Amino acid sequence: MFDYIPDRKHPTLTKIIRKHLQIAGSIISDTMTSYVRPRSEQSRIDQYGYYHFYINITQHNIHEKYSFIYINNVRRNFLELKRHI
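Residues numbered from 1 in each chain as written. Predicted model: local features only at pLDDT ≥ 70, side-chain atom pairs only at ≥ 80, totals over all residues. Heavy atoms only, no water.

A.B. asks: Describe the confidence of the model for the protein, and please don't skip the residues or the numbers.
C.D. replies: Per-residue confidence for the protein averages 81 on the pLDDT scale, and 74% of its residues sit at or above 70. By mean pLDDT, the top-scoring element of the protein is strand β3 (residues 42-43) (94), and the lowest-scoring one is helix α2 (residues 71-83) (68). (pLDDT = per-residue confidence, 0-100. Helix = DSSP H or I, 4+ residues; strand = E, 2+ residues; numbered from the N terminus.)

Quick look at the structure:
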């Protein structure tokens, strides 16, 4: 699912995620602080029971362990969504 959300704060995002995604679903994101704790680089979303894969886009474009998680694919889908809004 892709959606444009102007308020990207953690409480807002987790409310939307919990509404639209079943527990044990997968989430792919960057390391924005709403999703990942900055100093420890630990997920803030996995505590709700989701599989959270994230990429620090300042260092990598592909997930270090899971090569199918490629940030340009995510960006491409997001840009396509923005064109339809």
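A.B. asks: Can you tell me about helix α1 (residues 10-20), naming the residues and giving the values?
C.D. replies: What α1 keeps buried is the set H10, L13, T14 and I17. Projected down its long axis, α1 shows its buried positions confined to an angular sector of 95°, all on one face. Opposite the buried face of α1, by more than 90 degrees, sit the exposed residues P11, K15 and K19. Its buried side turned inward, α1 meets β1 (26-30). (Buried < 20%, exposed > 50% of the residue type's maximum accessible area, 1.4 Å probe, protein only. Arc of directions from axis to C-beta. Contact = heavy atoms within 4.5 Å.)

A.B. asks: How would you summarise the side chain of H10 if you had to cite specific residues and measurements?
C.D. replies: Relative to the assigned elements, H10 resides in helix α1. A residue is classified by how much of its surface remains accessible, and H10, at 10% relative accessible area, is buried. Separated by 2.8 Å, the side chain of H10 and the backbone oxygen of S34 make a polar contact. Aside from chain neighbours lying at most four places away, what touches H10 is S34, R44, Q47 and Y48. (Polar contact = N/O pair within 3.5 Å; in protein donor to acceptor, adjacent residues only side chain to side chain.)

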